[in-house]
Amino acid sequence: MAELIDGCRRRIDYLRLSVTDRCDLRCTYCMPPEFDDYEPPADWLSFDELDRVARIFVALGVSRIRLTGGEPLLRGRIAELAQRLKSHAGLRDLALSTNGTQLARWARNCAKRA
Ligand code: SF4
């Protein structure tokens, strides 16, 4: 198994993947006063690109990935990306950081599909 070692000889096994810079909150420590606008979606990494990055890092020994943003639940079809990422052999933990504002909407949508 390959190992990813940083310049201080620490083994890196954790990757945070930002799937969007957008957020529905405006926390002051996160939003600089000079904030102008979000990146256009055309500049975001595609799901194929995010999946490729994840595959490469898992091959290098990363075993934990956390999806972040901005608010990752604002990225359309994020569940589809999670499905793809969890199929990588060697990935032990797939997590998501959220501010929680979208969870009720997600729960309603999941309940409709069940
Ligand atoms: S990404 Fe997190 S810290 Fe930044 S504005 Fe949104 S909720 Fe606040």
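Figured I'd write up the structure that's included with this text. (Residues numbered from 1 in each chain as written. Predicted model: local features only at pLDDT ≥ 70, side-chain atom pairs only at ≥ 80, totals over all residues. Heavy atoms only, no water.)

### So, the overall build of the chain
Consideration 1: When helices and strands are tallied, the chain shows three helices and three strands.
Consideration 2: Helices (α) and strands (β) of the chain occur, in sequence order from the N terminus, as β-α-β-α-β-α.
Consideration 3: On the principal axes, the C-alpha backbone points of the chain span a range of 45 × 40 × 25 Å.
Consideration 4: A burial count over the chain gives 26% of its 114 residues as buried.
Consideration 5: Taking the intrachain contacts of the chain between residues at least 6 apart in sequence as the baseline, contacts between residues at least 24 apart amount to 82%.
Consideration 6: Per element, the accessible surface of the chain, about 7800 Å² overall, is 53% carbon and sulfur. (Helix = DSSP H or I, 4+ residues; strand = E, 2+ residues; numbered from the N terminus. Buried < 20%, exposed > 50% of the residue type's maximum accessible area, 1.4 Å probe, protein only. Contact = heavy atoms within 4.5 Å. Areas by Shrake-Rupley, 256 points an atom, 1.4 Å probe, with all protein chains shown as cover.)

### So, the site of the ligand
Consideration 1: With respect to spatial proximity, the complete set of residues near the ligand consists of C23, L25, C27, Y29, C30, G70 and N99.
Consideration 2: In this structure, the ligand is accommodated by the largest pocket.
Consideration 3: Of the residues that constitute the shell around the ligand, the class distribution is five nonpolar, two polar and no charged. (Near = heavy atom within 4 Å. 1 Å grid on protein atoms, 1.4 Å probe; cavity = no way out; pocket = protein on both sides within 12 Å on 5 of 7 lines; lining within 4 Å. Sits in = over half its atoms within 2 Å of the grid points. Nonpolar A, V, L, I, M, F, W, Y, C, P; charged D, E, K, R; others polar.)

### Examining the pairing of strand β2 (residues 64–68)
Consideration 1: Here strand β1 (residues 14–18) runs beside β2; their pairing, made up of five bridges, is parallel. Paired with S18 across the strands is T68, a residue of β2.
Consideration 2: Relative to strand β3 (residues 93–96), β2 is paired through four bridges, and the arrangement is parallel. When the sheet's bridge partners are listed, I65 is paired in β3 with L94.
Consideration 3: Following the backbone out of β2, through helix α2 (residues 78–86) and into the adjacent parallel β3, one traces a crossover that is right-handed. (Pairing = 2+ DSSP bridges. Right-handed = clockwise from strand over helix to strand, strands pointing away.)

### Quick word on the nonpolar core
Consideration 1: Within the largest apolar cluster, 15 residues are counted, with the highest numbers of intra-cluster contacts made by L17, I65, L67 and L81.
Consideration 2: Among the elements of the structure, β1, α1 (47–59), β2 and α2 are those that each provide at least two residues to this core.
Consideration 3: For L67, the residues in contact, after removing those within four places along its chain, are L17, V19, P72, I78, L81, L85, L94, A95, L96 and S97. (Core = buried A, V, L, I, M, F, W, Y, C linked by side-chain atoms within 4.5 Å.)

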